[in-house]
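# A look at the structure
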Amino acid sequence: MNFNVNVNSNLELDISSEDISKLDAIKISESKYHILNNDKSYISEITASDFNSKSYEVKINNNTYFIKIKNPLDLLINDMGFSLGSLKHIDSIKAPMPGLILEINITVGQTVKEDDALLILEAMKMENVLTSPRNGVIKSISVKKGDAVDKGSLLIVFEK
(Lines give C-alpha, C1' and ligand atoms only; values in the text may rest on other atoms or scores of the structure.)
Protein backbone atom coordinates (compact mmCIF):
# COMPACT_ATOMS: atom_id res chain seq x y z
CA MET A 1 0.00 0.00 0.00
CA ASN A 2 1.35 3.45 -0.93
CA PHE A 3 0.73 6.79 0.78
CA ASN A 4 1.28 10.26 -0.60
CA VAL A 5 2.73 12.62 2.02
CA ASN A 6 2.77 16.40 1.58
CA VAL A 7 5.17 18.29 3.87
CA ASN A 8 4.77 22.06 4.42
CA SER A 9 2.74 22.26 1.18
CA ASN A 10 5.90 22.15 -0.93
CA LEU A 11 7.41 18.66 -0.68
CA GLU A 12 5.59 15.53 -1.83
CA LEU A 13 6.77 12.04 -0.98
CA ASP A 14 5.42 8.62 -1.84
CA ILE A 15 5.88 6.20 1.04
CA SER A 16 5.06 2.49 0.94
CA SER A 17 3.99 0.21 3.75
CA GLU A 18 7.36 -1.50 3.31
CA ASP A 19 9.17 1.82 3.92
CA ILE A 20 7.17 2.27 7.11
CA SER A 21 7.91 -1.26 8.34
CA LYS A 22 11.65 -0.68 7.86
CA LEU A 23 11.54 2.48 9.97
CA ASP A 24 13.44 2.09 13.25
CA ALA A 25 11.08 3.97 15.58
CA ILE A 26 10.43 3.52 19.28
CA LYS A 27 7.44 5.11 20.99
CA ILE A 28 8.68 6.94 24.10
CA SER A 29 5.41 8.61 25.16
CA GLU A 30 1.84 9.06 23.91
CA SER A 31 2.96 11.50 21.19
CA LYS A 32 6.78 11.17 21.04
CA TYR A 33 8.97 8.77 19.09
CA HIS A 34 12.71 8.13 18.89
CA ILE A 35 13.71 7.40 15.29
CA LEU A 36 16.98 6.08 13.87
CA ASN A 37 17.52 6.67 10.15
CA ASN A 38 20.89 6.28 8.35
CA ASP A 39 22.69 6.24 11.71
CA LYS A 40 21.13 9.57 12.75
CA SER A 41 18.91 9.98 15.79
CA TYR A 42 15.69 12.00 15.69
CA ILE A 43 13.15 12.84 18.37
CA SER A 44 9.72 13.40 16.86
CA GLU A 45 6.54 14.59 18.50
CA ILE A 46 3.04 14.86 17.08
CA THR A 47 2.02 18.29 18.40
CA ALA A 48 -1.37 18.56 16.63
CA SER A 49 -3.52 16.24 14.57
CA ASP A 50 -6.80 16.21 12.68
CA PHE A 51 -7.61 12.58 11.99
CA ASN A 52 -10.54 13.38 9.67
CA SER A 53 -8.48 15.51 7.29
CA LYS A 54 -5.33 13.40 7.85
CA SER A 55 -3.37 16.53 8.77
CA TYR A 56 -0.62 16.57 11.38
CA GLU A 57 1.84 18.99 12.92
CA VAL A 58 5.05 17.15 13.77
CA LYS A 59 8.08 18.48 15.58
CA ILE A 60 11.35 16.74 14.65
CA ASN A 61 14.48 17.83 16.53
CA ASN A 62 12.83 21.23 17.28
CA ASN A 63 11.75 21.87 13.65
CA THR A 64 7.99 21.90 13.03
CA TYR A 65 6.50 20.34 9.90
CA PHE A 66 2.90 20.38 8.64
CA ILE A 67 2.04 17.04 7.09
CA LYS A 68 -0.99 15.91 5.08
CA ILE A 69 -1.33 12.22 4.22
CA LYS A 70 -3.35 10.69 1.38
CA ASN A 71 -4.07 6.98 1.40
CA PRO A 72 -4.78 4.89 -1.75
CA LEU A 73 -8.53 5.68 -1.59
CA ASP A 74 -7.85 9.44 -1.36
CA LEU A 75 -5.52 9.16 -4.38
CA LEU A 76 -8.11 7.18 -6.39
CA ILE A 77 -10.86 9.71 -5.60
CA ASN A 78 -8.54 12.53 -6.65
CA ASP A 79 -7.55 10.71 -9.89
CA MET A 80 -11.23 10.24 -10.74
CA GLY A 81 -11.77 14.00 -10.42
CA PHE A 82 -13.98 13.76 -7.38
CA SER A 83 -11.74 15.61 -4.94
CA LEU A 84 -13.48 17.90 -2.47
CA GLY A 85 -11.92 20.97 -4.02
CA SER A 86 -13.59 20.24 -7.35
CA LEU A 87 -16.99 20.07 -5.67
CA LYS A 88 -16.67 23.51 -4.10
CA HIS A 89 -17.62 25.62 -7.15
CA ILE A 90 -20.73 26.98 -5.49
CA ASP A 91 -21.60 30.45 -6.76
CA SER A 92 -24.58 31.28 -4.55
CA ILE A 93 -26.32 30.40 -1.32
CA LYS A 94 -30.07 29.92 -1.13
CA ALA A 95 -32.23 29.63 1.97
CA PRO A 96 -32.37 25.96 3.00
CA MET A 97 -35.72 26.59 4.75
CA PRO A 98 -38.17 29.44 5.28
CA GLY A 99 -37.19 31.81 8.08
CA LEU A 100 -36.14 35.23 9.29
CA ILE A 101 -32.72 36.80 8.74
CA LEU A 102 -31.45 37.67 12.24
CA GLU A 103 -27.91 38.71 11.45
CA ILE A 104 -25.61 39.27 8.47
CA ASN A 105 -21.89 38.94 9.25
CA ILE A 106 -20.48 39.92 5.84
CA THR A 107 -20.39 42.82 3.39
CA VAL A 108 -20.22 43.00 -0.40
CA GLY A 109 -16.60 42.71 -1.56
CA GLN A 110 -15.51 40.91 1.60
CA THR A 111 -13.19 37.93 1.25
CA VAL A 112 -14.42 34.89 3.17
CA LYS A 113 -12.94 31.50 3.90
CA GLU A 114 -14.66 28.14 3.86
CA ASP A 115 -16.75 27.66 7.03
CA ASP A 116 -16.83 31.40 7.92
CA ALA A 117 -20.21 32.37 9.42
CA LEU A 118 -22.13 34.40 6.80
CA LEU A 119 -25.54 34.95 8.34
CA ILE A 120 -28.01 33.66 10.90
CA LEU A 121 -31.39 32.40 9.75
CA GLU A 122 -34.08 31.79 12.38
CA ALA A 123 -36.41 28.95 11.47
CA MET A 124 -38.89 27.22 13.78
CA LYS A 125 -37.51 29.22 16.75
CA MET A 126 -33.99 27.89 16.11
CA GLU A 127 -31.00 29.98 15.03
CA ASN A 128 -29.18 28.43 12.07
CA VAL A 129 -25.73 29.77 11.20
CA LEU A 130 -25.16 29.54 7.45
CA THR A 131 -21.46 29.17 6.70
CA SER A 132 -19.44 29.68 3.56
CA PRO A 133 -19.14 26.52 1.43
CA ARG A 134 -15.85 27.77 -0.06
CA ASN A 135 -13.21 30.49 -0.07
CA GLY A 136 -14.31 33.48 -2.12
CA VAL A 137 -15.40 37.07 -2.39
CA ILE A 138 -18.97 38.19 -1.73
CA LYS A 139 -20.45 39.65 -4.94
CA SER A 140 -23.92 40.49 -3.62
CA ILE A 141 -26.20 40.04 -0.63
CA SER A 142 -29.88 39.76 -1.59
CA VAL A 143 -31.34 40.08 1.91
CA LYS A 144 -31.08 42.38 4.90
CA LYS A 145 -31.50 41.91 8.64
CA GLY A 146 -35.17 41.35 9.50
CA ASP A 147 -36.18 39.96 6.07
CA ALA A 148 -38.46 36.92 5.94
CA VAL A 149 -37.32 34.43 3.30
CA ASP A 150 -38.86 31.40 1.64
CA LYS A 151 -37.07 28.12 1.08
CA GLY A 152 -34.87 28.50 -2.00
CA SER A 153 -34.67 32.31 -1.82
CA LEU A 154 -31.36 33.70 -3.07
CA LEU A 155 -29.33 35.01 -0.12
CA ILE A 156 -25.70 35.49 -1.23
CA VAL A 157 -23.79 35.40 -4.53
CA PHE A 158 -20.01 34.79 -4.77
CA GLU A 159 -17.73 36.29 -7.40
CA LYS A 160 -16.64 33.62 -9.87
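Residues numbered from 1 in each chain as written. Predicted model: local features only at pLDDT ≥ 70, side-chain atom pairs only at ≥ 80, totals over all residues. Heavy atoms only, no water.

### Observations concerning the overall build of the protein
Cut-off, in case you're wondering: Note on conventions: DSSP H or I runs of at least 4 residues are helices, E runs of at least 2 residues are strands, and numbering of each starts at the N terminus. When we talk radius of gyration, it's over C-alpha atoms, and the globule rule is simply 2.2 Å times the number of residues to the 0.38. Any residue under 20% of the maximum accessible area for its type is buried, any over 50% is exposed, and the rest in between are partly exposed; the area is computed with a 1.4 Å probe on protein chains only. Here, residues are in contact when the closest pair of their heavy atoms is within 4.5 Å. For every accessible area listed, the method is Shrake-Rupley and the probe measures 1.4 Å; residues are considered covered only by the protein chains on display.
Within the protein one finds two helices and 15 strands. Its C-alpha radius of gyration of 22 Å places the protein more than 25% over the 15 Å reference for a compact globule of 160 residues. Viewed in the frame of its principal axes, the protein has a C-alpha envelope of about 70 × 35 × 30 Å. Relative to its full complement of 160 residues, the protein shows a buried share of 21%. The long-range fraction of contacts in the protein, counting pairs at least 24 apart against all pairs at least 6 apart in sequence, stands at 43%. Total accessible area on the protein stands at roughly 11100 Å², and carbon and sulfur atoms take up 54% of it.

### Looking at the layout of surface pockets
We count it as follows: In this analysis, the protein atoms alone were mapped onto a 1 Å grid. Cavities are point sets where a 1.4 Å probe fits without being able to get out; pockets are open sets with protein on both sides within 12 Å along at least five of seven lines; lining residues have an atom within 4 Å of a point. Grid points are joined across faces, edges and corners, and a volume is the space filled by probe spheres set on the points. Three classes are used, and their members are as follows: Ala, Val, Leu, Ile, Met, Phe, Trp, Tyr, Cys and Pro are nonpolar, Asp, Glu, Lys and Arg are charged, and the others, Gly among them, are polar.
Taken as a whole, the largest pocket spans an internal volume of roughly 1100 Å³. Taken together, 26 residues form the lining of the largest pocket, with Ile15, Leu23, Ile35, Ile60 and Ile67 sitting closest to its centre. Those elements giving two or more residues to the lining of the largest pocket turn out to be strand 1 (2–7), strand 2 (11–16), helix 1 (17–22), strand 4 (32–37), strand 5 (40–50), strand 6 (55–60) and strand 7 (63–70). Taken together, the residues of the lining of the largest pocket sort by class into 19 nonpolar, five polar and two charged.

### Brief notes about a nonpolar patch on the surface
To keep it simple, the criterion reads: For patches, a residue must show more than 30% relative accessible area and have no salt bridge; joins then use 9 Å for like charges and 5 Å for nonpolar side chains, namely Val, Leu, Ile, Met, Phe, Trp and Tyr. Criterion for a salt bridge: a side-chain nitrogen of Lys or Arg within 4 Å of a carboxyl oxygen of Asp or Glu.
A cluster of nonpolar residues, Ile26, Ile28 and Ile43, forms a patch on the protein surface that exposes about 260 Å² of accessible area. Following the sequence through the fold, Ile43 ends up in strand 5.

### Considerations on the sheet that holds strand 14 (residues 148–149)
Where we set the bar: Two strands make a pair as long as DSSP finds a minimum of two bridges between them.
Ordered in space as 12-11-9-14, the four strands form an open sheet in which the pairing is antiparallel. Only two strands of the sheet have a single neighbouring strand rather than two, namely strand 12 (126–131) and strand 14. Here strand 9 (residues 99–104) pairs with strand 14 via two bridges, running antiparallel. Counterpart to Leu100 in the pairing with strand 14 is Ala148.

### Quick look at the pairing of strand 15 (residues 154–158)
Among the five residues that make up strand 15, four are buried, leaving the element largely enclosed by the rest of the structure. In terms of strand pairing, strand 8 (residues 92–94) meets strand 15 through three bridges, oriented antiparallel. By the bridge assignment, Lys94 is partnered in strand 15 with Leu154. Bridge analysis of strand 13 (residues 136–141) against strand 15 gives three bridges, and the strand direction is antiparallel. Looking at the pairing, Ile141 lines up with Ile156 of strand 15.

### What about the nonpolar core?
Put simply, the test is: Side-chain atoms within 4.5 Å link the members of a nonpolar core, which is a set of buried Ala, Val, Leu, Ile, Met, Phe, Trp, Tyr and Cys residues.
Grouped together as the largest cluster of nonpolar side chains are 15 residues, with contacts concentrated most on Ile101, Leu118, Leu119, Val149, Leu155 and Ile156. Those elements giving two or more residues to this core turn out to be strand 11 (117–123) and strand 15.

### Observations regarding the sheet that holds strand 2
Note the cut-off: Note on method: axes are straight lines fitted to C-alpha atoms, helices fitted across the in-contact stretch only, with angles between N-to-C directions ranging 0 to 180 degrees.
What the seven strands build is an open sheet, ordered 2-1-7-6-5-4-3; its pairing is antiparallel. A strand with exactly one partner marks an edge of an open sheet, and here the two such strands are strand 2 and strand 3 (24–27). The average angle at which neighbouring strand axes cross in this sheet is 30°, direction not considered. Sheet topology note: the strand 1/strand 2 ladder contains six bridges and is antiparallel. In the sheet register, Val5 faces strand 2, and the bridge partner there is Leu13.

Geometric values such as these leave the question of function open.
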